[in-house]
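# What the coordinates show
Now for the letters of each chain:
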Amino acid sequence: MASKAPKVGTYTWEGVDKKGAKMTGELTGHNIALIKAQLRKQGINPTKVRKKSVSIFGQGKKIKPLDIAFFSRQMATMMKAGVPLLQSFDIISEGAENPNMRSLITNVKQEVAAGNSFATALRKQPQYFDELYCSLVDAGEQAGALETLLDRVATYKEKTEFLKAKIKKAMTYPIAVLVVAFIVSGILLIKVVPQFESLFSGFGADLPAFTLMVVGLSNVVRDWWLIFLGAIAAAYYLFKKSYTQSQKFRDTIDRGLLKLPLIGPLLYKSSVARYARTLATTFAAGVPLVEALDSVASATGNVVFKNAVNKIRQDVSTGMQLNFSMRSTGVFPSLAIQMTAIGEESGALDSMLDKVATYYENEVDNMVDNLTSLMEPMIMAVLGVIVGGLVIAMYLPIFQLGNVV
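Since we're looking at a predicted model, the values are computed, not measured.

All right, on to the overall build of the chain then. Helix and strand content of the chain: 17 helices and three strands. In terms of overall dimensions, the chain has C-alpha extents of about 95 × 70 × 45 Å along its principal axes. Each of the 405 residues in the chain was classed as buried or not, and the buried ones make up 37%. For the chain, the exposed area adds up to about 23000 Å²; of that, 60% sits on carbon and sulfur atoms. Within the chain, the 33 negative side-chain charges are centred at a point lying 8 Å from the centre of the 44 positive side-chain charges.

See below:
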């Protein structure tokens, strides 16, 4: 059985150069002895070398897709500048703030240094580099144009993450405001309304129906708020578990989201943009169309488009033109189909698909801005009705106090 390779760590060092000037820095290596040897080769006499301590906050920092996109852009820049691959890894690793990202880059470098291809090294980290990413890098290595493919991969990842961020922004804002409204209403019903209720008991007159309704709601919430919170937590847990474990449930959610007002068209155009962007990137990299469609299916982000792309792949493999197959699915908009047809006829399919992706990405951008502008007054109105209604219900008896007197 092969022995396990020693773990690479980051070490801080202090030393003196040949002129007697003090120097400090960081290096990655297997142990302190190798770090000292490396420093002596550079003409530095190390006086202190110790393993760098990692903060408890930095240690748990996850590697996000945007980190991978930034890594791709840095690699593309280094390769275009003519920096050797292994040296590129060292430069990027030293500049990485996230210790986990630094460790990932070091692991990839070790695989490449051991004789594996860049794509093979990436495939050993599937949680960070999907098959599409690895296939594009593999195509670049085989064609001898790794820097060009890395640039395309970086652009693809950046645009994809930007699109995801836009969708997330559109959904997060109203949810956050509604959660705040829920919390404020709960505080008013549990803490504030009972104080008014004790005040009203000494009025000696019938309370308005609206006030009685709010007081009754307050009593229910005060007595059952723990059960309500438990029910919400249980519902969230069941939803998350079902979504994780049941493919049928996920498919139902995907189909339902596309039918929602406002959000549905946004998700639809987002999926069209991701389809066009992914297919344009893979096809431009020299990946055969059928194989490219196989990678595109899982990148669209919605089961409706995934099933449509799988059908397209089957049709294209039998000789049908891409635009005819897209039309037969009944999923894609006419603009995307027509642009694809022009691209196939002119032999510039990747360029036309890139234009389709850019168009729908801009559409999503505009829709998010318009949706945010539209929802701001709507949300303010909802907040005004909920919170203002509770306040008015509490002050109605005070307004009628003159009639009692």
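Continuing now.
Before going further, it helps to examine helix 5 (residues 99-113). Between its terminal C-alpha atoms helix 5 stretches 21 Å, which fits the 21 Å expected from 15 residues at 1.5 Å a residue. Looking at helix 5, one finds that the buried residues are Met101, Arg102, Leu104, Ile105, Thr106, Val108 and Val112. Among the residues of helix 5, the N-terminal cap falls to Asn98, whose side-chain oxygen and the backbone nitrogen of Asn100 are separated by 3.0 Å. A positive backbone phi angle near 110° is found at Gly115, which sits one or two residues after helix 5.

Bringing the packing of helix 4 (residues 85-95) against helix 5 into the picture now. At a minimum axis separation of 9 Å, helix 4 and helix 5 run at an interaxial angle of 165°. By the angle between their directions, the pair helix 4 and helix 5 is classed as roughly antiparallel. When you trace helix 4 past helix 5, the crossing you get is left-handed. When helix 4 is examined against helix 5, the residues Leu85, Leu86, Phe89, Asp90, Ile92 and Ser93 are found in contact with a partner set consisting of Arg102, Ile105, Thr106, Val108, Lys109, Val112 and Ala113. Residue classes in the contact of helix 4 with helix 5 are distributed as eight nonpolar, two polar and three charged.

Another point: the packing of helix 8 (residues 146-200) against helix 16 (residues 349-399). Orientation of helix 8 relative to helix 16, taken along the N-to-C sense of each, is 0°, at an axis distance of 11 Å. Our classification of the angle between helix 8 and helix 16 gives roughly parallel.

This next bit is on the nonpolar core. The biggest cluster of nonpolar side chains holds 75 residues, and the ones touching the most others in it are Phe71, Phe118, Tyr275, Leu322 and Phe332. Top contributing element to this core by residue count: helix 16, with 11 residues. Ignoring any residue separated from it by four or fewer positions in sequence, one finds Phe71 in contact with Phe89, Ile92, Met101, Ile105, Phe118, Phe129 and Tyr133.

The subject of this paragraph is the environment of Gly20. Tracing the sequence through the fold places Gly20 in the loop between strand 1 (9-16) and strand 2 (22-29). Among the residues examined, Gly20 registers a relative accessible area of 47% and is labelled partly exposed.

Okay, the confidence of the model for the chain next. Mean pLDDT over the chain stands at 82; residues scoring 70 or higher make up 92%. Every residue in residues 1-5 is under pLDDT 50, and counting partners more than four places away or in other chains gives zero contacts.

This next bit is on the environment of Phe182. Relative to the elements of secondary structure, Phe182 occurs in helix 8. Sequence separation between Phe182 and Arg274 is 92 residues; the distance between their C-alpha atoms is 35 Å.

This part is about the pattern of salt bridges. Applying the stated criterion to the full structure yields 12 salt bridges. Note that Arg123 and Asp138 form a salt bridge whose closest N and O atoms lie 4.0 Å from each other. Of this pair, Arg123 sits in helix 6 (residues 118-123) while Asp138 sits in helix 7 (residues 131-143), and the two are 15 residues apart along the sequence. By relative accessible area, which is 33% here, Arg123 ends up partly exposed. Its salt-bridge partner being Lys164, residue Glu161 comes within 3.6 Å of it at the nearest N-O pair. Placement of both Glu161 and Lys164 in helix 8 is noted, with a separation of three residues, approximately one turn of the helix. One salt-bridge network, in which partners are shared between bridges, spans Arg73, Lys80, Asp151 and Glu158.

Take the packing of aromatic side chains next. Tallied over the full model, the rule gives nine aromatic pairs. With centroids separated by 5.5 Å and ring planes inclined at 75°, the aromatic side chains of Phe239 and Phe249 adopt a geometry described as edge-to-face. You can see Phe239 sitting in helix 9 (residues 209-245) and its partner Phe249 sitting in helix 10 (residues 247-258), a full 10 residues away along the chain. Classification of Phe239 as partly exposed rests on a relative accessible area of 39%. Assessed through its relative accessible area of 26%, Phe249 is described here as partly exposed. Ring geometry for Tyr268 against Phe305: centres 5.5 Å apart, planes inclined by 50°, an arrangement best described as tilted. Taken together, the residues span a long stretch of sequence, with Tyr268 in helix 11 (residues 263-284) and Phe305 in helix 13 (residues 303-317) at a distance of 37 residues. Judged by relative accessible area, Tyr268 falls into the partly exposed class, the value being 25%. Judged by relative accessible area, Phe305 falls into the buried class, the value being 0%.

The next subject is helix 13. In this model helix 13 runs 21 Å from its N-terminal to its C-terminal C-alpha over 15 residues, within 8% of the 21 Å that 1.5 Å per residue would give. Looking at the buried residues of helix 13, the elements they touch are helix 10, helix 11, helix 12 (289-297) and helix 14 (322-329). At the N-terminal end of helix 13, a side-chain oxygen is found 2.9 Å from the backbone nitrogen of Val304, two or three residues along, and the residue is Asn302. Following helix 13 by one or two positions, Gly319 has its phi on the positive side, about 105°.

Looking at the element boundaries, Ser185 is found in helix 8. The exposure class assigned to Ser185 is buried, which follows from its relative accessible area of 10%. Residues within four places of Ser185 in sequence aside, it is in contact with Ile386 and Leu390.

Criteria and cut-off values
- Residues numbered from 1 in each chain as written.
- Predicted model: local features only at pLDDT ≥ 70, side-chain atom pairs only at ≥ 80, totals over all residues.
- Heavy atoms only, no water.
- Helix = DSSP H or I, 4+ residues; strand = E, 2+ residues; numbered from the N terminus.
- Buried < 20%, exposed > 50% of the residue type's maximum accessible area, 1.4 Å probe, protein only.
- Areas by Shrake-Rupley, 256 points an atom, 1.4 Å probe, with all protein chains shown as cover.
- Lys, Arg positive; Asp, Glu negative; His and termini not counted.
- Charge placed at Lys NZ, Arg CZ, Asp CG, Glu CD.
- Expected span 1.5 Å × (residues − 1).
- Polar contact = N/O pair within 3.5 Å; in protein donor to acceptor, adjacent residues only side chain to side chain.
- Axes fitted to C-alpha atoms, helices over the stretch in contact; angles between N-to-C directions.
- Parallel < 35°, antiparallel > 145°, perpendicular 65-115°, else oblique.
- Left-handed = near helix turned anticlockwise from the far one by under 90°.
- Contact = heavy atoms within 4.5 Å.
- Nonpolar A, V, L, I, M, F, W, Y, C, P; charged D, E, K, R; others polar.
- Core = buried A, V, L, I, M, F, W, Y, C linked by side-chain atoms within 4.5 Å.
- pLDDT = per-residue confidence, 0-100.
- Salt bridge = Lys/Arg side-chain N within 4 Å of Asp/Glu carboxyl O.
- Phe/Tyr/Trp six-rings, centres within 6.5 Å; stacked < 30°, edge-to-face > 60°.

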